[in-house]
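Here's the letter readout for the chains.
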Amino acid sequence: MASSAPLLQGIRVLDFGRYIAGPYVGAMLAEYGADVIRIEKRGGSEDRFPARLSDDADGGVGALFLQMNRNKRSVTLDLGSPQGREVVARLVRTADVVIANMPEATLKSSGLDYETLKAIRSDIIVVTNTVFGPVGPLRHNVGFDSLGQAMCGSVYLSGQPGEPYRAAVNWVDYGTALHCAFGTLAALMERARSGKGQWVTGALLATAVAMNSSTLIEQAVARPDRVPSGNRGQTSGPLDIFATRDGHVQVHVTGQPLFVRWARLMGEPHWLADPRFADDDSRGRHGVLLSERMARWCAERTTDEVMAQMADARVPCAPVLSPQQALDHPQVQALGLLQPTPYPGLPADAPVAAVPLWLSETAAVPRQRPPTLGEHTAAVLAEVGYSSDEVAALRGAGVV
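Notes on the structure in this doc start here. If you're wondering where the values come from, they're calculated on a predicted model, not measured in any experiment. (Residues numbered from 1 in each chain as written. Predicted model: local features only at pLDDT ≥ 70, side-chain atom pairs only at ≥ 80, totals over all residues. Heavy atoms only, no water.)

Once that is clear, we can look at the layout of surface pockets. Empty space within the largest pocket amounts to approximately 800 Å³. Taken together, 25 residues make up the lining of the largest pocket; nearest its centre are S154, L157, S158, G230 and R232. Contributions of two or more residues to the lining of the largest pocket are made by α7 (154-157), α10 (213-222) and β9 (239-243). The leading source of residues in the lining of the largest pocket is α10, at 3 residues. The residue inventory of the lining of the largest pocket, partitioned by class, reads 7 nonpolar, 14 polar and 4 charged. For the lining of the second largest pocket, the secondary structure elements donating two or more residues are β2 (35-40), α4 (104-109) and β7 (125-130). Residue composition of the lining of the second largest pocket, by class: 13 nonpolar, 9 polar and 8 charged. (1 Å grid on protein atoms, 1.4 Å probe; cavity = no way out; pocket = protein on both sides within 12 Å on 5 of 7 lines; lining within 4 Å. Points joined across faces, edges and corners; volume = space filled by probe spheres on them. Helix = DSSP H or I, 4+ residues; strand = E, 2+ residues; numbered from the N terminus. Nonpolar A, V, L, I, M, F, W, Y, C, P; charged D, E, K, R; others polar.)

Here's what the structure looks like:
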C-alpha cells in the first residue's frame, strides 16, 4: 500500500532551467511532491514554445513545455534588476534546491552560481549542467543534446557510411536530467545526514560518453574501428529493422538461447552448427546473411503475423510505430503513462507522460497541469513576505 504523504513534501525547488536537461529534473521532483517553482523571463522563456500547440494571450505553449513543467508553479522575473535579485534572495532563503542548467558565465552574471547562492543559504543544493562539463578546452562552449551525441561516437556509428545520423529523441538531455535527479536525491540524503548542502553538476557530453562507454571500451582495447551499418547490429544478429507486408518490425536476437529459437523458427536448424554463427560476435560479423534471411521471412507476412509468430517463439520483436500509432497502441495505453492533461487554449487534453516508474510504496502526486506564464507570481511572492502593494510595484517596474 502506497504511503499517504508525498515523498518530497516540504522540499521547495527553484527551477531556473530551460528546455530538458534542467526542467526534467524539476518535473521528476514535482511528480513526487516537491514544490517546484519555475522562474522564467517576463515574456516567457524560449523553451515554452517549441512544437507550439496554441497561440493565446500569454504567447501560447509548446509540447516540450507541457512535458517538462507539469506539477510546477510559474513565476516571472527579471534577474538583471536589483529588485529581481532581491526576489531571488528571498526565494532562495526558503528553498532547498536550485536548478539552473546555464553556462558558467550566465550563472555568475545572474547570481545563480553556487558560491553566491551558498552565501544566501548555507545548506542550499544547487543543480547545474553544461554541454561539455566543468573542465577542459570546451568548457565554456554552449550547445544542445545533439552535440553530445556527435562527440560520443553515437552519431558516427548511426546511419550509413559517409552519412551519419543523429537520434531524433533527445536521449542525452533526458539522460543528463536523470543523472542530475539522482544527484539531487543523493544530495538531499547527505544534507539530512550531515546538514551540508552541495553543488550537483552534470554535462551532456559526459552523459553521452557514459552511455556509449561499452563501445569506447571495445575500441580502446580491441580496436575494431567499427563503421556504420544502418539499422543492423554489429555485435549480435539478426538485429535489424525489416519490412513486412504492411509495415516494419524491429527484431533483436542476442545470446545463444534466442538464436537457437530464431534459427528453428526460420527453418534453418543447421545454422546452429555453422561456425559463422557460433556466437554473438560471429553472428554480428555475418549479420548481412542473417538479416537477408529474416527479411525474406518478414516480407511474406503482415506485421501482426510476424509479431504473433515471434512472440510464440519468444524472440524479441516490436512493430515500428509512427507517433500516432504509438499513441493508439494498446500496450502504450495499458501502461497508463500518458495522462490526459488540460491546458488553457488547447483544443484537447495533452497526453503528458508521467515519470516512467512504478514504486510499490511511494505514490506520485495527482497531476496538476503546467502553469500559464506567471500564473503563480503573486502567490509565491506573498509566501516570501511581499505585500500585494509591493507585488503591484514590482509589476509596474517590470521586475515581475
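The next thing to look at is unusual backbone geometry. A cis amide bond, omega 0°, links G237 with the succeeding residue P238. With respect to the helices, strands and loops of the structure, P238 is situated in the loop between α10 and β9. Here the phi dihedral of N71 falls at roughly 65°; this positive angle occurs in a residue that is not glycine. With respect to the helices and strands, the residue N71 is situated in the loop between α2 (63-68) and β5 (72-76). For N71, a relative accessible area of 11% translates into the label buried. With a phi close to 50°, R223 is a non-glycine residue in the positive phi region. If you trace the backbone, R223 turns up in the loop between α10 and β9. Exposure remark for R223: the relative accessible area of 57% places this residue in the exposed category. (Buried < 20%, exposed > 50% of the residue type's maximum accessible area, 1.4 Å probe, protein only.)

Looking at where V384 falls in the secondary structure, it is placed in the loop between α17 (377-383) and α18 (388-396). Along the backbone, V384 and T94 are 290 residues apart, and their C-alpha atoms lie at a distance of 7.5 Å. Sequence-distant contacts of V384, that is, excluding residues within four places in its chain, are made with R12, R90, L91 and T94. (Contact = heavy atoms within 4.5 Å.)

Looking now at the pairing of strand β10 (residues 248-252). Side chains on a regular strand alternate between the two faces of the sheet. On β10, burial follows the alternation: V249 and V251 on one face are buried, whereas H248, Q250 and H252 on the facing-out side are not. Relative to β10, β9 runs antiparallel, the two sharing 5 bridges. Directly across from D240, in β10, lies its bridge partner V251. Counted between consecutive antiparallel strands, the loop separating β9 from β10 contains 4 residues. Taken together, the 3 bridges between β10 and strand β11 (residues 317-319) define a ladder with antiparallel strand orientation. What sits directly across from Q250, in β11, is A318. (Pairing = 2+ DSSP bridges.)

Moving on, we get to the side chain of E31. On the secondary structure map, E31 appears in helix α1 (residues 23-31). Given the relative accessible area of 3%, E31 is considered buried. Here the side chain of E31 touches R70 through a polar contact of 3.1 Å, side chain to side chain. Each residue touching E31, except ones within four places of it in the same chain, is listed here: R70, N71, A354, V355, A364, V365 and R367. (Polar contact = N/O pair within 3.5 Å; in protein donor to acceptor, adjacent residues only side chain to side chain.)

Moving on to the packing of helix α11 (residues 256-265) against helix α13 (residues 287-299). Look at α11 against α13: their axes get within 11 Å of each other, and the N-to-C directions meet at 50°. If you check the angle between α11 and α13, you find them oblique. Of the two elements, α11 crosses α13, and the hand of that crossing is left-handed. From α11, F259, W262 and L265 reach across to α13, where they touch L290, R293, M294 and W297. Split by residue class, the contact of α11 with α13 holds 6 nonpolar, no polar and 1 charged. (Axes fitted to C-alpha atoms, helices over the stretch in contact; angles between N-to-C directions. Parallel < 35°, antiparallel > 145°, perpendicular 65-115°, else oblique. Left-handed = near helix turned anticlockwise from the far one by under 90°.)

As enumerated under the stated definition, the model contains 26 salt bridges in all. R12 is the salt-bridge partner of D35, the closest N and O atoms lying 3.2 Å from each other. Pair noted here: D35 is in strand β2 and R12 is in strand β1 (residues 12-15), with a separation of 23 residues, a long-range link. Judged by its relative accessible area of 12%, R12 falls in the buried class. With a closest N to O distance of 3.9 Å, D123 and R191 form a salt bridge. Here the residue D123 occupies a position in the loop between α5 (114-120) and β7, and R191 occupies one in helix α8 (residues 171-194), the gap between them amounting to 68 residues. For the pair D123 and R191, a shared accessibility class is recorded, and that class is buried. Each of R12, D35, R73 and E383 takes part in a single network of salt bridges with overlapping partners. (Salt bridge = Lys/Arg side-chain N within 4 Å of Asp/Glu carboxyl O.)

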